[in-house]
Amino acid sequence: MNEKDFLTGLFDAAVEAADPGAALAPHLPEAPKGRTVVIGAGKGAAQLAQAFEQLWDGPVSGVVVTRYGYGTQCKRICVLEASHPVPDSAGEQATQALFQAVSGMGSDDLVVALICGGGSALLPCPPEELTLEDEQALNRALLASGAPISVMNAIRKHVSGIKGGRLAAAAHPARVVSLVVSDVPGDDPAQVASGPTVPDAVSRQDALRLIDSHRIELPEAVLAHMQRPEADAPDPADPVFAGHEVRVVASAAISLEAAAARSEAQGIPAVILSDAIEGEAREVARVHAAIAREVLNRDRPFAKPVVILSGGETTVTLRGKGRGGRNSEFLLSLAAELDGVAGITALAADTDGIDGSEDNAGAFADGTTCARLRSAGRDPAGDLGNNDAYSAFEAVGDLFAPGPTGTNVNDFRAILIR
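Residues numbered from 1 in each chain as written. Predicted model: local features only at pLDDT ≥ 70, side-chain atom pairs only at ≥ 80, totals over all residues. Heavy atoms only, no water.

### Some details on the UniProt feature "domain: MOFRL" (unreviewed entry) in the chain
- Under the feature "domain: MOFRL" (unreviewed entry), the UniProt entry names residues 306–411.
- Span residues 306–411 is 30% helix and 21% strand, its end C-alpha atoms 20 Å apart. (UniProt positions renumbered as here; feature names shortened; annotations may be inferred. Helix = DSSP H or I, 4+ residues; strand = E, 2+ residues; numbered from the N terminus.)

Here you go:
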């Protein structure tokens, strides 16, 4: 067996389980008496829009926004592109296009919101006293903080004119059906893309406490805005949200189960640790490595051969100025823990095809990774300290770069123990 090919096949199975057409088909809403307008945002929004057009039997119009390079051809729904992970003016214009698409809706009309991961950065909409530059600074501060995605989104929705359900409120009195591809631990739809059409109950005071407890250094103008009552996000109990529907159509749990089934079909038992793992990437890697060694040496808690699967969204606290994302950093830390250990091979990758801001989804690692890095003139510990996992795996030819997948159900980790 070629370990890399085997692990790639599991990743492919996970992505296929979140295919836009297959995910949307069972969840299409009933056609309205009036208009049907599609809005959406996220790294897989264009593919979701394309699939919706093919599945929908009736007239439809609308606008979705996705990351640069992630667009695809739609016949009736306009696909816009903007910057991710740091928002730009194209995203600001796309946000206004979404508001225009739902303006003037009536009670007989239907708004279908196609929401997936990445939408937070793609929908900049600074409040009146803030600027795009303020929102960009906020995004950089959050990304560098190492805070969980739920904390980031709790803050973002109070510093926005579209997040926290505000886009759905703008569509009132139309019925809004949100079809969500979850990329967040726990699959709370209000957390995906900071919930432009799904309000939640996390208050501004809650968000301020989170800022303090996680010691997040926000830009001064943003923090000042957060102190004002005007920053309060919409209340889920507001009547404008009455009758709205929210459906999670794809998630990490479904994708991990598909990967496990693919593994077992090839004769390798599979176990799923969790689809909602959070924490610092390098620390999560150490725990995974300890479990893998226990299996290898003592056949507990699982007997080998076995594939250990997990999902969720780890974080990276920026310490250096290298290149990489959370999955690559996870693997470099894992490689350090497994240095010289034979019989273990791992793949960690983002299911959207991009890990952080580079061109890879993740990488492969095994017990020979660190030795090969040293032979290539690199220092594994130094690369990890500098957050330079991309350069490390590039040096030994172990980057995993499938390209944009058209979906996003968060991180995928598979560790094969022979």
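What follows picks up the thread again.
### What about the sheet that holds strand β5 (residues 175–181)?
- Overall, parallel pairing links the 6 strands, which are arranged β3-β2-β1-β4-β5-β6 in an open sheet. Every interior strand has two partners, whereas the edge strands, β3 (77–82) and β6 (245–250), have only one. Strand after strand, the sheet turns through a mean of 20° between neighbouring axes, direction not considered.
- Here 7 bridges tie strand β4 (residues 110–116) to β5, and the two strands are oriented parallel to one another. (Pairing = 2+ DSSP bridges. Axes fitted to C-alpha atoms, helices over the stretch in contact; angles between N-to-C directions.)

### Some remarks on the UniProt feature "domain: MOFRL-associated" (unreviewed entry) in the chain
- Using the residue numbers shown here, the UniProt feature "domain: MOFRL-associated" (unreviewed entry) corresponds to residues 7–227.
- Taken end to end, residues 7–227 is 40% helix and 15% strand, and its first and last C-alpha atoms sit 48 Å apart.

### As for the nonpolar core
- In this structure, Ile-39, Val-65, Leu-98, Val-111, Ile-155, Ile-216 and Leu-218 are the most contacted members of the largest nonpolar core, which totals 46 residues.
- Looking at this core, the element that brings in the most residues is helix α4 (residues 89–101), giving 5 residues.
- Once you skip the residues sitting within four places of it in the chain, Ile-216 turns out to touch Leu-142, Ser-145, Ala-147, Val-151, Ile-155 and Ile-211. (Core = buried A, V, L, I, M, F, W, Y, C linked by side-chain atoms within 4.5 Å. Buried < 20%, exposed > 50% of the residue type's maximum accessible area, 1.4 Å probe, protein only. Contact = heavy atoms within 4.5 Å.)

### Focus: the side chain of His-158
- Looking at the element boundaries, His-158 is found in the loop between α7 (149–156) and α8 (166–170).
- In this structure His-158 comes out as buried when scored by relative accessible area, which is 1%.
- Within the structure, His-158 has its side chain in polar contact with the backbone nitrogen of Ala-233 (distance 3.3 Å).
- Apart from the residues within four sequence positions on either side, His-158 is in contact with Val-202, Ser-203, Arg-204, Ala-207, His-225, Met-226, Ala-231, Asp-232 and Ala-233. (Polar contact = N/O pair within 3.5 Å; in protein donor to acceptor, adjacent residues only side chain to side chain.)

### Describing the packing of aromatic side chains
- Going through the model one piece at a time under the given rule, you end up with 4 aromatic pairs.
- Considering the side-chain rings of Phe-11 and Phe-400, the 5.0 Å spacing of their centres and the 85° angle between planes classify their relative orientation as edge-to-face. Within this pair, whereas Phe-11 is found in helix α1 (residues 3–17), its partner Phe-400 is found in strand β11 (residues 399–400), the two being separated by 389 residues in sequence.
- Take Phe-400: its relative accessible area is 7%, and that puts it in the buried class.
- Considering the side-chain rings of Phe-52 and Trp-56, the 5.1 Å spacing of their centres and the 20° angle between planes classify their relative orientation as stacked. Comparing Phe-52 with Trp-56 shows no difference in burial state: the two are buried.
- Aromatic ring contacts, followed pair by pair, group Phe-11, Phe-364, Phe-400 and Phe-412 into a single cluster.
- Positioned above the aromatic ring of Phe-330 is the side chain of Arg-413, whose terminal nitrogen or guanidinium carbon lies 5.5 Å from the ring centre. (Phe/Tyr/Trp six-rings, centres within 6.5 Å; stacked < 30°, edge-to-face > 60°. Lys NZ or Arg CZ within 6 Å of the ring centre and 35° of its normal.)

### Comments concerning the packing of α1 against helix α11 (residues 252–265)
- For the pair α1 and α11, the least separation of the axes is 7 Å and the interaxial angle reads 140°. With respect to α11, the element α1 is oriented oblique. Handedness of the crossing formed by α1 with α11: right-handed. Judged by residue contacts, Phe-6, Gly-9, Leu-10, Ala-13, Ala-14, Glu-16 and Ala-17 of α1 engage Ile-254, Ser-255, Ala-258, Ala-259, Arg-262 and Ser-263 from α11. (Parallel < 35°, antiparallel > 145°, perpendicular 65-115°, else oblique. Left-handed = near helix turned anticlockwise from the far one by under 90°.)

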